[in-house]
Amino acid sequence: DGGITQSPKYLFRKEGQNVTLSCEQNLNHDAMYWYRQDPGQGLRLIYYSQIVNDFQKGDIAEGYSVSREKKESFPLTVTSAQKNPTAFYLCASSIAGGQGNTEAFFGQGTRLTVV
Amino acid sequence: DAKTTQPPSMDCAEGRAANLPCNHSTISGNEYVYWYRQIHSQGPQYIIHGLKNNETNEMASLIITEDRKSSTLILPHATLRDTAVYYCIAARGTASKLTFGTGTRLQVTL
């Protein structure tokens, strides 16, 4: 089955530690995205990538880093510089280019708790 | 991408049509209107999108006004499983970052 997989579903880390969230897709999508969601809030874009080896900052990139070495994978690292890292993190992918077809597919999310 | 405005919450009785409005008065000619929904603690799910014409699929219908400044998502026969937050997004057809607002929280009741 094609889809987008985030792991783990729940993650606990101590304050001051870096942590990497995994996102893998087998949909052959060029574009991938990372969002953050806080309780009762909408989604805010952290980083996005439209092609391998290239990515752009979203609205709240400070304290985060990404890499896009493979088309299928777009890991997100939450660094110790992120002031308030506890949140629900969502990864998505979509076809890049074309017209009228940026339907995005989302993973089930990773809930990160920093204690 | 154009900003969209949605009511924060709506109620709908089960079996009735749910009509969710969205205002996108600054939408540009090459921006599509997309609708997603998010059931509690899950990833958002794509519902439907359109440019100018009304669209229908197995989940919903999308009605876009002639001036394209607003649209309505219609769930024809709402069920309890349709309880979710619904997001309206205006975005270009080519891959662009998706900007999600706070959406409309739809509560379907018995």
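Notes on the structure follow.

About the cut-offs
- Residues numbered from 1 in each chain as written.
- Chains lettered and ligands numbered in written order.
- Predicted model: local features only at pLDDT ≥ 70, side-chain atom pairs only at ≥ 80, totals over all residues.
- Heavy atoms only, no water.
- Pairing = 2+ DSSP bridges.
- Helix = DSSP H or I, 4+ residues; strand = E, 2+ residues; numbered from the N terminus.
- Axes fitted to C-alpha atoms, helices over the stretch in contact; angles between N-to-C directions.
- Phe/Tyr/Trp six-rings, centres within 6.5 Å; stacked < 30°, edge-to-face > 60°.
- Buried < 20%, exposed > 50% of the residue type's maximum accessible area, 1.4 Å probe, protein only.
- Lys NZ or Arg CZ within 6 Å of the ring centre and 35° of its normal.
- Contact = heavy atoms within 4.5 Å.

### Concerning the sheet that holds strand β1 (residues 4-7) of chain A
Adjacent strands of a sheet pair through backbone hydrogen bonds, lying either parallel or antiparallel.
All names here are of chain A.
Here's step 1: Taken together, four strands build an open sheet; the order of strands is β1-β3-β8-β7 and the sheet is antiparallel. The sheet terminates laterally at β1 and β7 (64-66), the two strands that pair on one side only. Across this sheet, the average inter-strand angle for adjacent strands is 20°, counted without regard to direction.
Here's step 2: As judged from the four bridges shared by β1 and strand β3 (residues 19-25), these two strands associate in the antiparallel manner. Each residue of the ladder has a partner; that of Ile4, found in β3, is Gln25.

### Notes on the packing of aromatic side chains
Here's step 1: Inspection of the entire model under this criterion finds 12 aromatic pairs over all chains.
Here's step 2: Between Tyr64 of chain A and Tyr89 of chain A, the ring centres sit 5.9 Å apart and the planes meet at 65°, which makes this aromatic pair edge-to-face. With Tyr64 of chain A in strand β7 and Tyr89 of chain A in strand β9 (residues 87-94), this residue pair connects regions lying 25 residues apart in the sequence.
Here's step 3: Among the residues examined, Tyr64 of chain A registers a relative accessible area of 6% and is labelled buried.
Here's step 4: For Tyr89 of chain A, a relative accessible area of 0% corresponds to the buried category.
Here's step 5: Judged by centre distance (6.1 Å) and plane angle (80°), the ring pair of Phe106 of chain A and Tyr36 of chain B falls under edge-to-face. On the criterion of chain membership, the pair formed by Phe106 of chain A in strand β10 (residues 105-106) and Tyr36 of chain B in strand β3 (residues 31-38) is interchain, its members lying in two chains.
Here's step 6: We classify Phe106 of chain A as buried; its relative accessible area is 9%.
Here's step 7: Overall, Tyr36 of chain B belongs to the buried group, its relative accessible area being 0%.
Here's step 8: Among the aromatic side chains, those forming a connected cluster through ring pairs are Tyr33, Tyr35, Tyr48 and Phe106 of chain A together with Tyr36, Tyr46, Tyr87 and Phe100 of chain B.
Here's step 9: For Arg68 of chain A, the ring lying beneath its charged end belongs to Phe74 of chain A, and the centroid distance is 5.9 Å.
Here's step 10: The ring centre of Phe88 of chain A lies 4.5 Å from the NZ or CZ of Arg111 of chain A, which sits over that ring.

### Focus: the environment of Val66 of chain A
All names here are of chain A.
Here's step 1: Checked against the element boundaries, Val66 lands in strand β7.
Here's step 2: The exposure class assigned to Val66 is buried, which follows from its relative accessible area of 12%.
Here's step 3: Not counting residues up to four positions away in its chain, the partners in contact with Val66 are Trp34, Tyr47, Phe55, Phe74, Pro75 and Leu76.

### A few points about the pairing of strand β6 (residues 61-64) of chain B
Residues and elements named next belong to chain B.
Here's step 1: One ladder, built from two bridges, connects strand β5 (residues 55-56) with β6; its direction is antiparallel. Opposite Thr56, over in β6, you have Ser61 as the bridge partner.
Here's step 2: Both β6 and strand β7 (residues 70-75) contribute to a ladder of four bridges, which runs antiparallel. Bridge assignment links Ile63 to a residue of β7, and that residue is Thr72.
Here's step 3: The antiparallel pairing of β6 with β7 creates a hairpin that spans five residues between the two strands, and Arg68 there sits at a positive phi of about 65°.

In short, geometric facts, not functional conclusions.
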